[in-house]
Amino acid sequence: MLVSGAFRANYSYKGRYMATATARADGSSRFAQGNRWGWFPSAAVAWRISEEDFLKSTAWLDNLKLRLSYGVTGNNNVSDYVTHYSASGPNYVVLDGTEVQAYYPNGLVNTNLIWEKVKEFDLGLDFSILGSRINMTADYYNRLSDGQIMNRAVPLETGESSTTFNIGSVRNTGIELGAQFDLIRGREFSWDMNVNFSRNWNKILELSNGKEDEVASDRFIGKPLNALRDYTHTAVITDQGVTMKTKDGDIHYTLQELYDRYGSTYKWYEGQVAVNDWNNDGKIDDDDKQIYGYTDPKWIGSLTTSMYYKGFDFSVMVYTKQGQWSRSYFHDTYMKYGDRGQQKMKMDFYIPKGTPVIDHQTGDVIITTETQYGKYPYPNNSDTSAGGYFSNTGSARGEGFQYQKTSFVKVKNICLGYTFPKQWINKAGMQHLRLYLNIQNPFCFTNYEGFDPEWASATLTNGGPASITYQIGANIKF
């Protein structure tokens, strides 16, 4: 059950100075007695600078307003009975030779759990000129999520592996920009455009163990959320050796040097890939894992434009996400050569001289007489997943080919319509008739090799890829 109450006061003076204050209280039965209520105040002020005497006579300026706000919101996203003891069972036990029916607590309960709070500061500017033909907004926010509701490991002696606590703190800062342009205003032809841009930076301030990293969960103090961390791989080991990236800089090993340092342990050979020994200690372990990137984009943008001419309307929407990484289901599925009977990616394998291969014309086994230089390691019987790189038991541990940059620009929608003149349709008893052709997701521009970069981490049965949809329709009003 959720019960809420709020009080709000507003103030305005001459249309120049505005203020509002809100006091809100929410009570949730999901929390234990004494911790059910959370208090969430907020306040905002605004100054319409364009109404001041020194700007009021400026003909080209329509609106200039500065906004400032601060507020606290809450989150009670926990299970219904996570803070309440209840009985589980029954179980049957024998006491003094007699079988009895027994019940036991449902689990470890944290009765001190309280509302998670988000404290946010916002600064904004609204700007409009030339008869509102150009309108712009700019916002900066600083958001602190404090006392986050998260699971934390507990000693096994408690009977549970983890329970829920108010732990963790994450700060998000960002900017949001928007612009609307009336490019052409005419009786027969008009053209407008909307552009939006947003950029967010997040940083983990505290975790379940305070200021200590949670390496197993890929969460690191001072770093963003949603990191993709794993072993990184070298290029294919060629007859000239391989260059390994380390914290001390790039180190080139000849084939013999590579075999001497790593070969007997990890069985790396020509045509394979190696894992970068990041700390340069001669062994591959968890300390060599690096962050490929983050699943959240660095920035998001969109552009929408519409044109109107003598009853015709035409609109296009373009959308982009840039800077994000994904663990690609496509690469995981279609690079595994050990999975027979399924389509595979077209890959230019590195095949060393003297390797047994199949002659695709005759089906005979032949021995290569020249080295075929390629980007991908040659799969063999022991490491069948593009050189074993999708298996921690392969000769190169980790899943490096699965981590892919998935930046993209998509044309999300194209629409062409025609609205019939009223004098044409009134005789048919209609007040409005518009025919239209709409195409969704017609184009995608990306370097990602899979089906759809926007759904790269999703399976084919769980979300993606997006499909191209053609729609023909009519809007009719009688």
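Not measured: the values here are computed from a predicted model.

Trainee: Would you mind showing me how to read the overall build of the protein here?
Mentor: Counting secondary structure elements, the protein contains 4 helices and 27 strands. Taking 478 residues into account, the globule formula puts the C-alpha radius of gyration at 23 Å, and the protein, at 31 Å, lies well above it. Principal axes of the C-alpha set define a box for the protein whose edges measure 85 × 80 × 55 Å. Across the 478 residues in the protein, those meeting the buried criterion constitute 36%. Partitioning the contacts of the protein with sequence separation of at least 6, the portion at a separation of at least 24 is 60%. Of the accessible surface of the protein, which amounts to about 27,900 Å², a share of 54% is contributed by carbon and sulfur atoms. Side-chain charges in the protein split into 48 positive and 51 negative, and the spacing between the mean points of these groups amounts to 11 Å.

Trainee: Any chance you could explain the pattern of salt bridges here in plain terms?
Mentor: Two side chains bearing opposite charge may form a pair once their charged atoms approach each other closely. Counted by the stated rule, this structure contains 21 salt bridges. Across the pair Lys310 and Glu188 runs a salt bridge, and its minimum N-O distance is 3.9 Å. Separated by 122 residues along the polypeptide, Lys310 in the loop between β19 (299–309) and β20 (312–322) and Glu188 in the loop between β11 (169–184) and β12 (189–206) bring together distant segments of the chain. If you follow the salt bridges from partner to partner, you end up with Asp218, Arg229, Asp286 and Lys289 in one network.

Trainee: For this particular structure, what's the right way to read the nonpolar core?
Mentor: As a rule of thumb, nonpolar side chains are buried together in soluble globular proteins. Ile237, Met244, Leu258, Tyr262, Trp268 and Ile284 are the most contacted members of the largest nonpolar core, which has 13 residues in total. When residues of this core are traced back to their parent elements, those giving at least two are β15 (242–246), α2 (255–266) and β17 (273–275). Counting residues per element, this core draws most heavily on α2, which supplies 4 residues. Ranked by size, the runner-up nonpolar core spans 12 residues in total, among them Phe330, Ile351, Tyr376 and Ala456.

Trainee: Can you walk me through the environment of Asn447 in this structure?
Mentor: Structurally, Asn447 is set in the loop between β26 (432–445) and β27 (469–477). Taking relative accessible area as the criterion, Asn447 reaches 80% and is therefore assigned exposed. It is 29 Å that separates the C-alpha atoms of Asn447 and Leu416, two residues lying 31 residues apart in sequence.

Trainee: What is the right way to look at the packing of aromatic side chains in this model?
Mentor: Both the distance between ring centres and the angle between the ring planes are used here to describe each pair of aromatic rings. The full count for this structure, using the stated rule, is 18 aromatic pairs. Judged by centre distance (6.0 Å) and plane angle (90 degrees), the ring pair of Tyr253 and Tyr262 falls under edge-to-face. Take Tyr253 and Tyr262: they sit in the same class, and that class is buried. Measuring from centroid to centroid gives 4.9 Å for Phe330 and Phe451, while their planes differ by 85 degrees, and the two rings are edge-to-face. With a gap of 121 residues between them, Phe330 in helix α3 (residues 329–334) and Phe451 in the loop between β26 and β27 connect regions that are remote in the sequence. Judged by relative accessible area, which is 12%, Phe330 ranks as buried. Among the aromatic residues, those joined into a cluster by ring pairs are Phe312, Tyr418, Phe420 and Trp424. The ring of Phe408 has Lys410 lying over it, and the distance from NZ or CZ to the ring centre is 5.6 Å.

Trainee: Looking at this structure, I do not really get the confidence of the model for the protein. What am I missing?
Mentor: Any region with low pLDDT has predicted coordinates that should not be read closely. Mean pLDDT over the protein stands at 87; residues scoring 70 or higher make up 94%. Long-range and interchain partners of residues 383–398, a stretch whose pLDDT sits below 50, account for 61 contacts in this model, where long-range means more than four residues apart.

Trainee: Is there a simple way to think about the environment of Glu188 in this case?
Mentor: Residue classification places Glu188 among the partly exposed positions, given a relative accessible area of 47%. Those residues in contact with Glu188, other than ones at most four positions away along the chain, are Tyr308, Tyr309 and Lys310.

Trainee: Which parts of the structure should I look at to understand the side chain of Asp182?
Mentor: As for its placement among the helices and strands, Asp182 is situated in strand β11. Within the local environment of Asp182, its side chain forms a polar contact with the side chain of Arg185, the two groups lying 2.7 Å apart. With near-sequence residues (within four places) excluded, Asp182 lies in contact with Ser132, Arg133, Trp191 and Asp192.

What counts as what
Residues numbered from 1 in each chain as written. Predicted model: local features only at pLDDT ≥ 70, side-chain atom pairs only at ≥ 80, totals over all residues. Heavy atoms only, no water. Helix = DSSP H or I, 4+ residues; strand = E, 2+ residues; numbered from the N terminus. Rg over C-alpha atoms; globule rule 2.2 N^0.38 Å. Buried < 20%, exposed > 50% of the residue type's maximum accessible area, 1.4 Å probe, protein only. Contact = heavy atoms within 4.5 Å. Areas by Shrake-Rupley, 256 points an atom, 1.4 Å probe, with all protein chains shown as cover. Lys, Arg positive; Asp, Glu negative; His and termini not counted. Charge placed at Lys NZ, Arg CZ, Asp CG, Glu CD. Salt bridge = Lys/Arg side-chain N within 4 Å of Asp/Glu carboxyl O. Core = buried A, V, L, I, M, F, W, Y, C linked by side-chain atoms within 4.5 Å. Phe/Tyr/Trp six-rings, centres within 6.5 Å; stacked < 30°, edge-to-face > 60°. Lys NZ or Arg CZ within 6 Å of the ring centre and 35° of its normal. pLDDT = per-residue confidence, 0-100. Polar contact = N/O pair within 3.5 Å; in protein donor to acceptor, adjacent residues only side chain to side chain.

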